[in-house]
Structure formats: structure tokens, C-alpha cells
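Architecture and fold: a report
The primary structure of each chain is shown beneath.
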Amino acid sequence: MIIVKLMGGLGNQMFQYAAGRSLACRLGVDLKLDLSCLGAHHEGDTPRPYELGCFKIAADKASEDDVAALLGRKTVYATLRAKLCGRLGLQWELSRLYREPHYHYDQNFECLSDNVYLAGYWHSERYFAPIADRIAQEFTCRHPLLGRNLEIASDIDNTESVTIHVRRGDYVADRRTGDYHGVCSLEYYRAAIAELAKHTERPHFFIFTDDHSWVKAHLLLDFPATYVDCNGQDKGYEDLRLMSHCKHHIIANSSFSWWGAWLNRNPAKIVVAPRKWFNGPNPDTKDLIPAGWIRL
């Protein structure tokens, strides 16, 4: 059994699930999700609900005993397991926690064995590249497009569509979060728009943001644009699905729009990503952006 700790918003939960699913598939064992960190408020963190239920994923929720057994906590289940292993002459490590050691790809991930609790963000497609097609399939929505989302999807399919994702929200409202992540500059978006315009004859931009008033006032476009504002915070997956329908992408320093671009399986897509992903001293992000994406 593999247990993966879920934390953060939808994009982060998708990375965590994908890494856990990949490891579980390699070992031929079950995957379970520890949701204990979701919904709770921790100082400096934005409270997040569980958001993967909209997708066709295949994993159960880990029980308290499941988590306790792998983390070596004192429960009846963990104690009995340790005694049984002792009588059989088997070794059972007190804790099977494996914490992501750094931000770039961890080669030791490939050597992990069964009964591991994964704690980290796992922000690289290298963790799940062997099962990329399965991940893309599992991250499809359980229900069809309806209403305004269906109308926008039709417009996306019938234009030279380009997503622009502008992430502000807690990056701006929460000083600690903003100091760590930072926001992409207007210069980045202008350069990215110019780059896409060089490669597309009649681009139509579809704007996804959590701050429409700011974007409309500051990001001025010389091309047709549609502001996608029909989905609330509880339906981020709808925005993600619409992003994945677009032909090309300008993403923010956000795992959310990263997945919107990645789930577009068209090999001819153009994806522009920010070279600077974090504010201040940066972790090594060399494995974050897939080969072929453009960093500006």
C-alpha cells in the first residue's frame, strides 16, 4: 500500500496523486489518500478542500489506522503488526515516511518499495511519466460539459485558442504567500503574448484569473479575448477542463495552469511558462517545466 499526503489546492493535489499513482502502479499495490491536512487552517497556509473527487481517479481515503501504521504511531493496529513481524522474524521499520528531499526530481523515488507514506509536492512530470496516458485519463471529469462551459468549449475548439492564466488571489492578499511565490509581471505576459502571436495567425485569448477586474484594467490585448468568469472557486476543475481544450497556453507560476497546459495532449501545442517560478532565492525548478515548453 502507498499512502500519499494531499495538501494545497487542486493543482498540487493532482501532482501528489500522480506521483502516488505512478509508484503504486510500478509496485502493483493499492494507493490511498491521506486527507487529514485538507480543510484545516494552518498559519501561513490557505485552507484547501479535497478537490480530486470530480475526476475519474481510483484511490480510497486512508484511514487513521492506515496512516498510523506507516508513520509508526502507537495504535492497536500498528502494535499488533510490529509483534507479528517480530514473531515471524521479519523487520518492520517504525516509520515508512518518505519526505520529498528537494524540489527537483528525486532519483531515489524510483527505488522506493511497498508500504510507503509520501509527503511532498512532487512538482515534475518525471514522477509519473511512465504512466502519463493513464494520468491524463484519470484526470478527466466525471460529468459532461454543460451550459456556459459548453458554449466556451465550442468557442475554444473553433478558434486559434490560447489560454492566459493570471494567478493573484492569495499571492497578493497574503503577504507570506506572496513573499514566497510572487506574481508574474505584466512584462512576462506581454512577452508571452508576443511570442504566441509570432506562431499563430489569428489568436483568440481565453483569460482565466481569480482577479478579473485587475486583469481587465492592466492587461490590455490587441487580439480577441474572452474572460472566463462563469465558474466559482468550488468549480476550479471546470476552468481546468476548459484550459485543456485550448490549442496553446500562457501559464502563471501556478500548478493549476501547469496542469491545464499538460492535459492538452496535442503535441503541436505551444506552452509559455515563467522562467522565475518563485520569489526570492529559488529552489531548483529544472524538472518542473516539461521539455518543449518555452520559458520567458
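Here the structure is shown first, and the text comes after it.
Residues numbered from 1 in each chain as written. Predicted model: local features only at pLDDT ≥ 70, side-chain atom pairs only at ≥ 80, totals over all residues. Heavy atoms only, no water.

1. Digging into the overall build of the protein
When helices and strands are counted, the protein shows 11 helices and 11 strands. Across the 296 residues of the protein, 52% fall into the buried class. Pairs at least 24 apart in sequence give 68% of the contacts found in the protein among residues at least 6 apart. Accessible area for the protein stands at about 14600 Å²; split by element, carbon and sulfur atoms hold 50% of it. (Helix = DSSP H or I, 4+ residues; strand = E, 2+ residues; numbered from the N terminus. Buried < 20%, exposed > 50% of the residue type's maximum accessible area, 1.4 Å probe, protein only. Contact = heavy atoms within 4.5 Å. Areas by Shrake-Rupley, 256 points an atom, 1.4 Å probe, with all protein chains shown as cover.)

2. Some points on the sheet that holds strand β3 (residues 60-61)
Spatially, the five strands line up as an open sheet ordered β3-β2-β1-β5-β4, and their pairing is parallel. Edge positions in the open sheet fall to β3 and β4 (97-99), since each of these has one partner strand only. By the bridge criterion, four bridges tie strand β1 (residues 2-5) to strand β2 (residues 31-34) in an arrangement that is parallel. Bridging across to β2, K5 finds its partner in D34. (Pairing = 2+ DSSP bridges.)

3. With respect to the nonpolar core
Counting 62 residues, the largest nonpolar core has F55, L118, W258, W259 and W262 as its most contacted members. At eight residues, helix α1 (residues 10-27) tops the list of elements feeding residues into this core. Once you skip the residues sitting within four places of it in the chain, W262 turns out to touch E125, F128, A132, I135, A136, K269, P290 and W293. Listed in part, the 18 residues of the second largest apolar core include V162, V166, L186 and A252. (Core = buried A, V, L, I, M, F, W, Y, C linked by side-chain atoms within 4.5 Å.)

4. Considering unusual backbone geometry
The backbone phi angle of N115 is positive, close to 60°, even though this residue is not glycine. Within the fold, N115 resides in the loop between β4 and β5 (116-119). We note that W122 has phi near 60°; this positive angle belongs to a residue other than glycine. Relative to the helices and strands, W122 resides in the loop between β5 and α4 (132-138).

5. As for the environment of R295
Structurally, the position occupied by R295 is in strand β11 (residues 294-295). Spatially, the C-alpha atom of R295 lies 8.6 Å from that of V271, the residues being 24 residues apart in sequence. Ignoring any residue separated from it by four or fewer positions in sequence, one finds R295 in contact with A273, P274, R275, W277, T285 and I289. For R295, the side chain forms a polar contact with the main-chain oxygen of T285, separated by 3.4 Å. (Polar contact = N/O pair within 3.5 Å; in protein donor to acceptor, adjacent residues only side chain to side chain.)

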